[in-house]
Each structure stands twice: as structure tokens, then as C-alpha cells.
Amino acid sequence: MPLAGKRVCVAIPDTVLEEQESLREKTAKLGQIARYSSIFGVDVIRVFHDPRGRGESSFIRKVLEYLETPQYLRRRLFPLSEELRYAGLLPPLRIPSHKAKVPLGRLRSGEFREGVVLADGFSVDVGLESPALLRKRESPQRRLTVRIISVSNSGIEGVPVDRREVKTYWGYSVEVSGTGALLADPAFPLKVATSRLGDPVAREARSLRIDLQSSGAVMLLFGSPSRGLFETVGKDLRSRVSYVVNLFPEQNVVTARPEEAMRSAL
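K.L.:
Any chance you could break down the overall build of the protein for me, citing the residues and the numbers?
P.N.:
Within the protein one finds eight helices and eleven strands. For the protein, the C-alpha radius of gyration of 20 Å lies close to 18 Å, the compact-globule estimate for 266 residues. Principal-axis analysis of the C-alpha atoms places the extent of the protein at approximately 65 × 45 × 30 Å. The buried share of the protein, taken over its 266 residues, is 49%. Summarising the internal contacts of the protein: among those between residues at least 6 apart in sequence, 73% fall at separations of at least 24. Considering the protein, the positive charge centre built from 41 side chains and the negative charge centre built from 31 side chains are found 4 Å apart.

K.L.:
Pulling in residues and values, what's your account of the packing of helix 1 (residues 23–39) against helix 2 (residues 57–68)?
P.N.:
Axis separation between helix 1 and helix 2 bottoms out at 10 Å; the angle between their running directions is 55°. When the interaxial angle is binned, helix 1 and helix 2 end up oblique. Considering how the two elements wind past one another, helix 1 and helix 2 form a crossing that is right-handed. On helix 2, the residues that touch Leu 23, Lys 26, Thr 27, Leu 30, Gly 31, Ile 33 and Ala 34 of helix 1 are Phe 59, Ile 60, Val 63, Leu 64 and Leu 67. Looking at side-chain class alone, the contact of helix 1 with helix 2 contains nine nonpolar, two polar and one charged residues.

K.L.:
Would you mind going over the packing of helix 1 against helix 8 (residues 258–265) in detail, with residue names and values included?
P.N.:
As a packed pair, helix 1 and helix 8 sit with axes 10 Å apart at the nearest point and diverge in direction by 10°. Taken together, the axes of helix 1 and helix 8 lie roughly parallel to each other. Each of Lys 29, Gln 32, Ile 33, Tyr 36 and Ser 37 in helix 1 lies in contact with helix 8, whose residues at this interface are Pro 258, Glu 259, Met 262 and Arg 263.

K.L.:
I'd like a description of the environment of Val 201, backed by residues and values.
P.N.:
For Val 201, the position within the fold is in helix 5 (residues 201–214). Taking relative accessible area as the criterion, Val 201 reaches 27% and is therefore assigned partly exposed. Taking the C-alpha atoms as reference points, Val 201 and Pro 249, separated by 48 residues in sequence, lie 7.9 Å from one another. Contacts of Val 201, omitting those with residues within four sequence positions, involve Val 245, Asn 246 and Leu 247.

K.L.:
Tell me about helix 5, residues and numbers included.
P.N.:
The end-to-end C-alpha distance of helix 5 is 19 Å, a good match for the 20 Å that 14 residues give at a rise of 1.5 Å each. The largest bend along helix 5 measures about 40° and falls at Ser 207. Considered for burial, the residues of helix 5 that qualify are Glu 204, Leu 208 and Leu 212. In this structure, the buried residues of helix 5 make contact with strand 9 (190–200), strand 10 (217–221) and strand 11 (243–246).

Quick notes on the rules
- Residues numbered from 1 in each chain as written.
- Predicted model: local features only at pLDDT ≥ 70, side-chain atom pairs only at ≥ 80, totals over all residues.
- Heavy atoms only, no water.
- Helix = DSSP H or I, 4+ residues; strand = E, 2+ residues; numbered from the N terminus.
- Rg over C-alpha atoms; globule rule 2.2 N^0.38 Å.
- Buried < 20%, exposed > 50% of the residue type's maximum accessible area, 1.4 Å probe, protein only.
- Contact = heavy atoms within 4.5 Å.
- Lys, Arg positive; Asp, Glu negative; His and termini not counted.
- Charge placed at Lys NZ, Arg CZ, Asp CG, Glu CD.
- Axes fitted to C-alpha atoms, helices over the stretch in contact; angles between N-to-C directions.
- Parallel < 35°, antiparallel > 145°, perpendicular 65-115°, else oblique.
- Left-handed = near helix turned anticlockwise from the far one by under 90°.
- Nonpolar A, V, L, I, M, F, W, Y, C, P; charged D, E, K, R; others polar.
- Expected span 1.5 Å × (residues − 1).
- Bend = angle between axes of the 7 residues up to and from the residue.

Now the structure itself:
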């Protein structure tokens, strides 16, 4: 079931880290989630609230956003904090937006780069020897995707663009929401929940393939390590999503961890 050309969202509960007690272990697990998301081209990671949780959505969001940010911008966007103490142990994503610094002579018009607007509002740090200049003022400290339109001895000029204009995978965004907003989101009309109480995925494969081909966007939903989606979302889960599938109908463990289910589902 090819995902090329589709917008893909994965939805995880804010209890995804409930089995990890130390900050180091939590950080490492989020690194796995970020890697799987990047490998399979996930566009959006949605973190939804589990009422039985410890309320870790802001921490989850910060670490995932830190990893998705190009290295040359991290110091500008993420001040030193206790939450990022073990950020140095995170695996690099090495996605196309994480570009290395290059001499101006090797920069080409039409190239895309991620940047942060500087204090004057008219220049953007895009990880080069000098900032790119903008024609219109933007809010300082705002992160932008910039298309380079001019490279000369007098400087670099760029324009902000929607990252969807980039034809290669450019990274994921992270959003936090309640379950109601998540399940009602019209941007991802095809919603596939994963659960050990779901229908065997092989049985649903034909129908799912047809629906995936006709849909431009798909959301995959995952439960917490100790509670499935019927417990975290509600007993009416089937009526609120397109499919509920069991990825491991012959599993020999009590529960499959969310990151394991994510890898298999994608």
C-alpha cells in the first residue's frame, strides 16, 4: 500500500512514555518515534490527551520538535533546559531539510532551506555564511521554509514558502489536541486505529488498499503501552474511525508497544 503522495499523520497518547521513569529513557524512546516517523515520511505527529496520564504532552512535543529542527537552528529555537538534558543522545534524523553549511559558491537559486527570522525581521538564518534577505518583514524568531531566489556577491535573497512546495520529504510537524478534535479532523478523512481488539489487518487489507488509493490523507492511531484505544478514546471507537485493525493477530506478548505498532503499521 504505497504512501507516496499521501499526507500521513500518526496519533499517539501523551501516556506513550508511561513505562519509562528516567528522563534518559523517555528521551531515547521519543528518538525511536521520530526516526520511524521520518523513515516512513510522516507529515504530522498528533499527541492526544489520555485522562489517566501524567500530562507529558509538552515534553513529548518539545523533544520531537527539537529532533525535527535542523542542527544549525537548534540553539536559536531551544534554550538550554532540563527537558533536553539528554538531547545529545538522540539519533540524527538526516532528512533532506537537515542540510549542512555550504559555501555561497555552491548555493543555487531554487534551493530550499529551513531558517529562523532574525531580530530585524528582514533576514533569516538559513545555516549559511550570511543570512538570506527577505522582501517583506516577518516576525522575529519565527521558523520558516525559505526558497532561495537569488545568489550574488551582494548577498542571498529568499522568499518564505509553504513546506508542501518542497517535492522531497521535509520533516514532520507536532501538534497537541484532545481526542474529540483528533477524531473529527477533516484533514485526515481516512482514520485507521490499531488495537488488539481490532480486525486482523490481513482481512481488511483489500478494502483498506482501495480506500487508501482514493484518499489523499491517512491518520494512524495508537494506544498507550498499558491501555488500548478502546480505553483511552472510548468504547465507541469503531463508530468514530474508518478501521480498527489488529496488526499482530497472533502476537505472543500481552501488549505491543506503541513504537513497535507504529513501525509495523507504517
